[in-house]
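# Summary of structural features
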Amino acid sequence: MSISSKIEEVRTNLWSGVKLVAVSKTYPSEAIKEAYQVGQRAFGESRPQELKAKWEELPKDIEWHMIGHLQTNKVKMILPFVAIIESLNSSRLGEAIEREAAKIDRVVDCLLEIQVAQEESKTGWEWSDLNEFINGGGFDSLSHIRLRGVMGIASYSDDLGVVEADFKRLKSYFDQLKPRFGESFDTISMGMSGDYQLAMECGSTSVRVGSYIFGSRYYGL
Ligand SMILES: *Cc1c(COP(=O)(O)O)cnc(C)c1O
């Protein structure tokens, strides 16, 4: 099946109000163009260099989502054009984003990436650390960051019960944070190729689907 028909298929499965971010990391610009031609505008990338190269080459109305671990020294490279950083996962990164965003006088949308999976290798804030940072007023001085919600990656497991518990945990974190951050805190980014239906059932408002649309990748994150 072609990329465009895969996109159409995922769209028919999406609940109303749920956004599709097509995860194009590792795939060539040609693949992105095919998705673009059927109206897809939001794409997810996980490597700053790759993101920048694709931004330079492709139409400027593409909405680029940074979804991978972002090193503080790479923030500057993507900040002028990235639509949203979904992987804000530490205070250090928050401070680096603040610094670079202030320099170019831009307020940048970000999601708090929170650890929900059972595996230790997963990135993201630990819930207790995040709370400590927030309660200590950590975000108060980061005026060039607009927090839009949360992002999480579920356990890599065939057991849908485990995955569901992770999604529910993220939804509950969102519900607890929402009163602090207000109206614009409206996004729960969860669900990938294999589990986005389940993610929607658990409250996802934005799914990140890569390999189902573009085919299997030959190298990972
Ligand atoms: C690669 C990636 C995805 C997409 O995963 P697929 O299984 O290819 O759909 C989603 N989210 C993040 C953070 C990723 O790195």
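Structural data are supplied above this passage.
Structure report, in brief.

The rules behind each value
- Residues numbered from 1 in each chain as written.
- Predicted model: local features only at pLDDT ≥ 70, side-chain atom pairs only at ≥ 80, totals over all residues.
- Heavy atoms only, no water.
- Helix = DSSP H or I, 4+ residues; strand = E, 2+ residues; numbered from the N terminus.
- Rg over C-alpha atoms; globule rule 2.2 N^0.38 Å.
- Buried < 20%, exposed > 50% of the residue type's maximum accessible area, 1.4 Å probe, protein only.
- Contact = heavy atoms within 4.5 Å.
- Areas by Shrake-Rupley, 256 points an atom, 1.4 Å probe, with all protein chains shown as cover.
- Pairing = 2+ DSSP bridges.
- Axes fitted to C-alpha atoms, helices over the stretch in contact; angles between N-to-C directions.
- Parallel < 35°, antiparallel > 145°, perpendicular 65-115°, else oblique.
- Nonpolar A, V, L, I, M, F, W, Y, C, P; charged D, E, K, R; others polar.
- Salt bridge = Lys/Arg side-chain N within 4 Å of Asp/Glu carboxyl O.
- Left-handed = near helix turned anticlockwise from the far one by under 90°.

### Observations concerning the overall build of the protein chain
What the protein chain contains, in helices and strands, is nine helices and eight strands. Its C-alpha radius of gyration of 17 Å places the protein chain within 12% of the 17 Å reference for a compact globule of 221 residues. Considering only C-alpha atoms, the protein chain reaches an extent of 50 × 40 × 30 Å along its principal axes. Expressed as a percentage of the 221 residues in the protein chain, the buried residues total 51%. Relative to all contacts within the protein chain whose residues are 6 or more apart in sequence, the contacts with residues 24 or more apart total 61%. Carbon and sulfur atoms make up 49% of the accessible area of the protein chain, which amounts to about 10,400 Å² in all.

### Remarks on unusual backbone geometry
Phi at Thr26 takes a positive value of approximately 75 degrees, unusual for a residue other than glycine. Along the chain, Thr26 falls in the loop between β1 (19-23) and α2 (29-37). In the Ramachandran plot, Asp105 falls in the positive-phi region, its phi being about 55 degrees despite a non-glycine side chain. Mapped onto the fold, Asp105 is located in the loop between α5 (91-103) and β5 (108-113). A relative accessible area of 67% means that Asp105 is categorised as exposed.

### With respect to the pairing of β1
The buried count for β1 comes to four of five residues, which makes it a mostly enclosed element. Sheet topology places β1 next to strand β8 (residues 206-209); four bridges connect them, and they run parallel. Bridge pairing in β8 links Lys19 to Ser206. Inspection of the sheet shows β1 paired to strand β2 (residues 42-45) by two bridges, in the parallel sense. Across the sheet, the residue bridging to Val23 is Gly44, located in β2.

### Here we look at the packing of helix α6 (residues 127-135) against helix α7 (residues 160-181)
Remark: α6 packs on α7, axes separated minimally by 13 Å, with the N-to-C direction vectors making an angle of 10 degrees. As far as their axial angle goes, α7 and α6 are roughly parallel. Contact with α6, carried on its side by Trp127, Leu130, Ile134 and Asn135, involves Tyr173, Gln176, Leu177, Arg180 and Phe181 of α7 and no other residues of that element. Residues of the contact of α6 with α7, tallied by class, amount to six nonpolar, two polar and one charged.

### Notes on the pattern of salt bridges
When charged atoms on two side chains of opposite charge get close, those side chains can pair. Counting across every chain of the model gives 14 salt bridges. For Glu8, the salt bridge identified is with Arg11, shortest N-O distance 3.5 Å. You can see Glu8 and its partner Arg11 sitting in helix α1 (residues 3-13), three residues apart, about one turn around the helix. One salt bridge connects Lys52 with Glu56, and the closest N-O pair in it is separated by 3.4 Å. Pair noted here: Lys52 and Glu56 are both in helix α3 (residues 48-57), with a separation of four residues, about one helical turn. Shared partners join several salt bridges into a network, and the residues in it are Asp109, Arg146, Arg148 and Asp186.

### Remarks on the packing of α1 against α2
Two elements in contact, α1 and α2, have axes separated by 8 Å at closest approach and are oriented at 50 degrees. One finds that α1 runs oblique with respect to α2. Judged by the twist between their axes, the crossing of α1 over α2 is right-handed. Contacts between α1 and α2 involve Ile3, Ser4 and Ile7 on the former and, on the latter, Ala31, Glu34 and Ala35. For the contact of α1 with α2, the residue count by class is four nonpolar, one polar and one charged.

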